[in-house]
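So you can see what is in the structure, the chains are spelled out below.
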Amino acid sequence: MNCMTAARTTPPADRPPMGLRERKKIKTREAIRTATYALVAEQGYDATTIEQIAERAEVSPSTVFRYFPTKEDIVLTDEYDPVLLEELRARPADEPWTDSLRHVMRKAVGWGVDADPEASRLRTRLMVEVPAVRSRMMESMSVTGRMLCTVIAERTGRDPDDLEVRVWAMSLIGGLLETSLYWAENGHRENLADLIDRAVTVLADGLPTKNA
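Just so it is clear, the model here is predicted, and its values are computed rather than measured.

Take the overall build of the protein next. Scanning the protein from terminus to terminus reveals 10 helices and 0 strands. For the protein, the sequential pattern of α-helices and β-strands runs α-α-α-α-α-α-α-α-α-α. If you take every contact in the protein between residues at least 6 apart in sequence, the share linking residues at least 24 apart comes to 69%. Summed over its atoms, the accessible surface of the protein is roughly 11,000 Å², and 53% of this surface lies on carbon and sulfur atoms.

Looking now at the pattern of salt bridges. All chains considered together, the criterion is met by 16 salt bridges. Taking the shortest distance from any N to any O, the salt bridge between Glu-87 and Lys-107 comes out at 3.3 Å. Of this pair, Glu-87 sits in helix H5 (residues 81-90) while Lys-107 is found in helix H6 (residues 97-114), placing the two residues 20 residues apart along the sequence. Judged by its relative accessible area of 29%, Lys-107 is partly exposed.

Because the α-helix completes a turn every 3.6 residues, residues three or four places apart line up on one side. Here helix H7 (residues 117-129) contains 13 residues, and its C-alpha end-to-end distance of 18 Å stays within 8% of the 18 Å for a straight helix at 1.5 Å per residue. All buried positions along H7 are accounted for by Ala-119, Ser-120, Leu-122, Arg-123, Thr-124, Leu-126 and Met-127. On its buried face, H7 sits against helix H1 (20-43), helix H4 (71-76), H6, helix H8 (131-156) and helix H9 (163-185).

Moving on: unusual backbone geometry. At Glu-58, a position not held by glycine, the phi torsion is positive, near 60 degrees. Within the secondary structure layout, Glu-58 lies in the loop between helix H2 (50-57) and helix H3 (61-67). By relative accessible area, which is 74% here, Glu-58 ends up exposed. Phi is positive for His-188, which is not a glycine, with a value near 55 degrees. As for its position among the elements, His-188 is in the loop between H9 and helix H10 (192-205).

What counts, and where the lines are drawn
- Residues numbered from 1 in each chain as written.
- Predicted model: local features only at pLDDT ≥ 70, side-chain atom pairs only at ≥ 80, totals over all residues.
- Heavy atoms only, no water.
- Helix = DSSP H or I, 4+ residues; strand = E, 2+ residues; numbered from the N terminus.
- Contact = heavy atoms within 4.5 Å.
- Areas by Shrake-Rupley, 256 points an atom, 1.4 Å probe, with all protein chains shown as cover.
- Salt bridge = Lys/Arg side-chain N within 4 Å of Asp/Glu carboxyl O.
- Buried < 20%, exposed > 50% of the residue type's maximum accessible area, 1.4 Å probe, protein only.
- Expected span 1.5 Å × (residues − 1).

Spatial relationships are all this shows, so hold off on functional conclusions.
The following block contains the structure:
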């Protein structure tokens, strides 16, 4: 899930090995993303152009657009949504839903933030500072929410288009987005996995009063 700031495109170690063509694609995506992060760090997001990214990554501008439709997608796109949904499906059927979420979210943080903390901090900082990045993230997470509805429906025996399923899924997605923004706005000082735990607790138990 994109809000986990999983910036790298290499799959988790327990995933099946990929073919040569897929490895080449991933190498190209990583080169484009690495070039983008370096340029943004040097001169800022708005000043960084697709042409500059292509030159730094040693590819053509058309190749950049073939892999990433917009500049915002270079910052935000990852390939972990299907993997995370598989992880949720693999959890024990009798495990409380929130426990399953906590387990998978911590795994996601390990894949993304722990593996490349600098890139993760940059992504979330850009979400705070650049409206276009934040807007694109919201669009992307809406798609993730629809995918999550399917998993929730499987787990609860409901229809994925039920109002209750859609509300819960999108509440989780919105909560994860706000958690990422909160993490960045507060200088990335706190542990992201712990913040996600807090967000899941609010969804599970409701909002406690100040003195509770």
